[in-house]
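# Results of the structural survey
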Amino acid sequence: DAGVIQSPRHEVTEMGQEVTLRCKPISGHNSLFWYRQTMMRGLELLIYFNNNVPIDDSGMPEDRFSAKMPNASFSTLKIQPSEPRDSAVYFCASSLGERTGYGYTFGSGTRLTVV
Amino acid sequence: QQQVKQSPQSLIVQKGGIPIINCAYENTAFDYFPWYQQFPGKGPALLIAIRPDVSEKKEGRFTISFNKSAKQFSLHIMDSQPGDSATYFCAASKGDYKLSFGAGTTVTVRA
């Protein structure tokens, strides 16, 4: 299995532009998570999907952030408009079940820089 | 507000040494405590996990010690190697989907 695949690996954009991050979870995994990692705040859960349905989006910073999962093999995280404080590494993770005991498999992340 | 407090922030050991990372929590509802290992440019990867009914768990050179009464747990890396140089995160969960991560510890093992 290729693992969780994220694209792009790096993204540099100007403030105010729309940014779309993409994720392909492991086939058969029915839970998908988007995390953000920064030096100041560590790993933060942004949103959790189970069977393609958003279950918990309480971690989404504000209305500028949105996430979709149109099918079991694809998810997007969109930031519109982007701001410099959004600069971070964004991780997608998937899991076989909805309990953490199954373990998360993380992708390699997208490093976003907003200038 | 971090629900899991991790220390130290970083540590350096010589090859063969035993780096020890400590974590503490307050929420007694937590019942699953994994450790994740992250190499530069990669996502965190599950390393080892423990549940509170066990006081110690070993997998290869990695050992978790768990003290339920003190609400603390720690990771020991036996006979550490330069390839173990990474950032380690402890985490805790109430058994649902949500993991609360510690701030991370960067371990450097010098050859």
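Quick look at the structure, then. This is a predicted model, so every value here is computed, not measured. (Residues numbered from 1 in each chain as written. Chains lettered and ligands numbered in written order. Predicted model: local features only at pLDDT ≥ 70, side-chain atom pairs only at ≥ 80, totals over all residues. Heavy atoms only, no water.)

## Brief notes about the state of the cysteines
Residue and element names in this part refer to chain A. The condition is simple: The criterion for a disulfide is a pair of cysteine sulfur atoms lying within 2.5 Å. Starting at the N terminus, helices and strands are each numbered in turn, a helix being any DSSP run of H or I of at least four residues and a strand any DSSP run of E of at least two. Here's how the labels work: a residue is buried when its accessible area is under 20% of the maximum for its type, exposed when over 50%, partly exposed in between, all with a 1.4 Å probe on protein chains only.
Overall, the coordinates contain 2 disulfides over all chains when judged by the stated rule. Paired through a disulfide, Cys-23 and Cys-92 show a sulfur-sulfur distance of 1.9 Å. Residues Cys-23 and Cys-92 share a disulfide whose torsion about the S-S bond is about -65°; that sign makes it left-handed. Of this pair, Cys-23 sits in strand S3 (residues 19–24) while Cys-92 sits in strand S9 (residues 88–95), and the two are 69 residues apart along the sequence. Of the residues examined, Cys-23 reaches a relative accessible area of 1% and is grouped as buried.

## Some remarks on the nonpolar core
Condition: Among buried residues, the Ala, Val, Leu, Ile, Met, Phe, Trp, Tyr and Cys ones that are joined through side-chain atoms within 4.5 Å form a nonpolar core. Contacts between residues were defined by any pair of non-hydrogen atoms, one from each residue, lying within 4.5 Å.
In this structure, Val-4, Ile-21, Phe-33, Trp-35, Phe-73, Leu-75 and Tyr-88 of chain B are the most contacted members of the largest nonpolar core, which totals 24 residues. Those elements giving two or more residues to this core turn out to be strand S2 (10–14), strand S3 (20–25), strand S4 (33–38), strand S5 (45–50), strand S7 (62–67), strand S8 (72–77), strand S9 (86–92) and strand S11 (105–110) of chain B. For this core, the element with the highest residue contribution is S9 of chain B, accounting for 4 residues. Excluding anything up to four places from it in sequence, Phe-73 of chain B contacts Val-4, Ile-21, Asn-22, Cys-23, Tyr-25, Phe-33, Trp-35, Ser-65, Phe-66, Cys-90 and Ala-91 of chain B. Ile-26, Leu-32, Leu-77 and Cys-92 of chain A belong to the second largest nonpolar core, which has 21 residues in total.

## Description of the pairing of S7 of chain B
If a strand is regular, its side chains alternate between the two faces of the sheet. Residues and elements named next belong to chain B. Rule in force here: Strand pairing is assigned whenever DSSP identifies at least 2 bridges connecting the two strands.
Relative to S7, strand S6 (residues 56–59) runs antiparallel, the two sharing 4 bridges. Pairing of Lys-58 across the sheet is with Thr-63, part of S7. What sits between S6 and S7 in their antiparallel hairpin is a turn of 2 residues, with Gly-60 showing a positive phi close to 65°. The turn joining S7 and S8, which pair antiparallel and follow one another in sequence, is formed by 4 residues; a positive phi near 55° is taken by Lys-71.

## Structural notes on the sheet that holds S3 of chain B
Residues and elements named next belong to chain B. Selection rule: To obtain an axis, a line is fitted to C-alpha atoms, over the contacting stretch when the element is a helix, and the angle between two such axes runs from 0 to 180 degrees between their N-to-C directions.
Taken in spatial order, the 5 strands line up as S1-S3-S8-S7-S6 in an open sheet, and their pairing is antiparallel. Strands with a single pairing partner mark the edges of an open sheet, and in this sheet they are strand S1 (4–7) and S6. Put simply, the sheet's adjacent strands are angled 15° from each other on average, direction ignored.

## Looking at the pattern of salt bridges
We apply this condition: The term salt bridge refers to a pairing of a side-chain nitrogen on Lys or Arg with a carboxyl oxygen on Asp or Glu at a separation within 4 Å.
The tally for this structure, following the rule as stated, stands at 12 salt bridges over all chains. Where Lys-98 of chain B meets Asp-56 of chain A, a salt bridge forms, and the shortest distance between an N and an O atom there is 3.3 Å. Taken together, the residues Lys-98 of chain B in the loop between S9 and strand S10 (100–101) and Asp-56 of chain A in strand S6 (residues 53–56) connect one chain to another. You can call Lys-98 of chain B partly exposed: its relative accessible area is 34%. As a salt-bridge pair, Arg-85 of chain A and Glu-83 of chain A come within 2.6 Å of each other at their nearest N and O atoms. Residue classification places Glu-83 of chain A among the partly exposed positions, given a relative accessible area of 23%. When salt bridges with common partners are traced through the structure, they connect Glu-62, Arg-64, Glu-83, Arg-85 and Asp-86 of chain A into a single cluster.

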